[in-house]
Amino acid sequence: MMMGGAGGRASEALRAYRHLLRATRKSFEGDTLMLNESAIEVRKKFEENRNVTSDTEITKLLEDAKEASHFITNMIVQAKVNPSGGYAVKPSKDHAGATLELPSEEILPKSN
C-alpha cells in the first residue's frame, strides 16, 4: 500500500502497518506461531496493495487496516495456560464482547 508520489498516503500506510503489527504483538504475546503467522499475513496484504493508486481504494484499504487493528486489539483475548494446566483468560476493559483465542499448538503442553 505504498503509493508512489503520494508521500502523505505512504506515511499513512506505514503507520497503519505498524499499528497492525503492534496489535498482533499485544494480542498474541507469548505465542510465537501466531505472532509469526499474523506478521506474515499483514505484510502479504500490504504488499498485495503496494501499487494501488486510486485515492478511493487507498482510503478504503486504510480504513480496513484501521478496523482490523481495532478488531485484533479489542475483540481477541488469548487464553494462557495456568500452573494447574487449565486456561486463564484475563480480558481488559477493552475486550467487552471479545472472542476467546486459545494458544496455538506450539505453546500447548504435549500430552502423552
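Nothing here was measured: the structure is a model prediction, and the numbers come from that model.

Participant: Would you mind going over the overall build of the protein chain in detail, with residue names and values included?
Facilitator: Along the protein chain, the regular secondary structure elements total 3 helices and 4 strands. Expressed as a percentage of its 112 residues, the buried residues of the protein chain come to 30%. Contacts spanning at least 24 positions in sequence make up 55% of the contacts within the protein chain whose residues lie at least 6 apart. Of the roughly 7,400 Å² that the protein chain leaves accessible, carbon and sulfur atoms contribute 55%.

Participant: Requested: an account of helix α3 (residues 55-75), with residues and values cited.
Facilitator: A rise of 1.5 Å per residue sets the reference length of α3, with its 21 residues, at 30 Å; its end C-alpha atoms lie 29 Å apart and thus fit the reference within 8%. Taken together, the buried positions of α3 are occupied by Ile58, Leu61, Leu62, Ala65, Ser69, Ile72, Thr73 and Asn74.

Participant: Got a sec to walk through the nonpolar core? Specific residues and values, please.
Facilitator: As a rule of thumb, nonpolar side chains are buried together in soluble globular proteins. Formed by 14 residues in total, the largest nonpolar core has its most connected members in Ala16, Tyr17, Leu20, Val42, Phe46, Leu62 and Ala65. When contributions to this core are tallied by element, the ones reaching two or more residues are α1 (7-27), α2 (32-48) and α3. Considering every element that reaches this core, the biggest residue donor is α1, with 6 residues. Not counting chain neighbours up to four residues away, the residues in contact with Leu20 comprise Val42, Phe46, Ala65, Ala68, Ser69 and Ile72.

Participant: Outline the packing of aromatic side chains, supporting the account with residue identities and numerical values.
Facilitator: Under the criterion given, the structure shown has 1 aromatic pair. On the basis of an interplanar angle of 70 degrees and a centroid distance of 5.2 Å, the ring pair of Tyr17 and Phe46 is categorised as edge-to-face. Of this pair, Tyr17 sits in helix α1 while Phe46 is found in helix α2, placing the two residues 29 residues apart along the sequence. Neither Tyr17 nor Phe46 differs from the other in exposure class; each is buried.

Participant: Quick rundown of the side chain of Ser69? Include the residues and the values.
Facilitator: For Ser69, the position within the fold is in helix α3. Of the residues examined, Ser69 reaches a relative accessible area of 1% and is grouped as buried.

Participant: A description of the pattern of salt bridges should follow, citing residues and the corresponding values.
Facilitator: All chains considered together, the criterion is met by 6 salt bridges. Between Glu41 and Lys45 there is a salt bridge, with its nearest N and O atoms 3.9 Å apart. One end of the pair, Glu41, and the other, Lys45, are both in helix α2, 4 residues apart, so they sit about a helical turn from each other. Residue Glu41 is classed as partly exposed on the basis of its relative accessible area, which comes to 34%. Linking Asp64 and Lys60 is a salt bridge whose minimum nitrogen-to-oxygen distance equals 2.9 Å. With Asp64 and Lys60 both in helix α3, this residue pair falls 4 residues apart, about one helical turn. On the basis of relative accessible area, Asp64 is assigned to the partly exposed category, the value being 33%. With relative accessibility at 45%, the residue Lys60 sits in the partly exposed group. Several salt bridges converge on common partners, so that one network encompasses Glu41, Lys44 and Lys45.

Reading the values: rules and limits
- Residues numbered from 1 in each chain as written.
- Predicted model: local features only at pLDDT ≥ 70, side-chain atom pairs only at ≥ 80, totals over all residues.
- Heavy atoms only, no water.
- Helix = DSSP H or I, 4+ residues; strand = E, 2+ residues; numbered from the N terminus.
- Buried < 20%, exposed > 50% of the residue type's maximum accessible area, 1.4 Å probe, protein only.
- Contact = heavy atoms within 4.5 Å.
- Areas by Shrake-Rupley, 256 points an atom, 1.4 Å probe, with all protein chains shown as cover.
- Expected span 1.5 Å × (residues − 1).
- Core = buried A, V, L, I, M, F, W, Y, C linked by side-chain atoms within 4.5 Å.
- Phe/Tyr/Trp six-rings, centres within 6.5 Å; stacked < 30°, edge-to-face > 60°.
- Salt bridge = Lys/Arg side-chain N within 4 Å of Asp/Glu carboxyl O.

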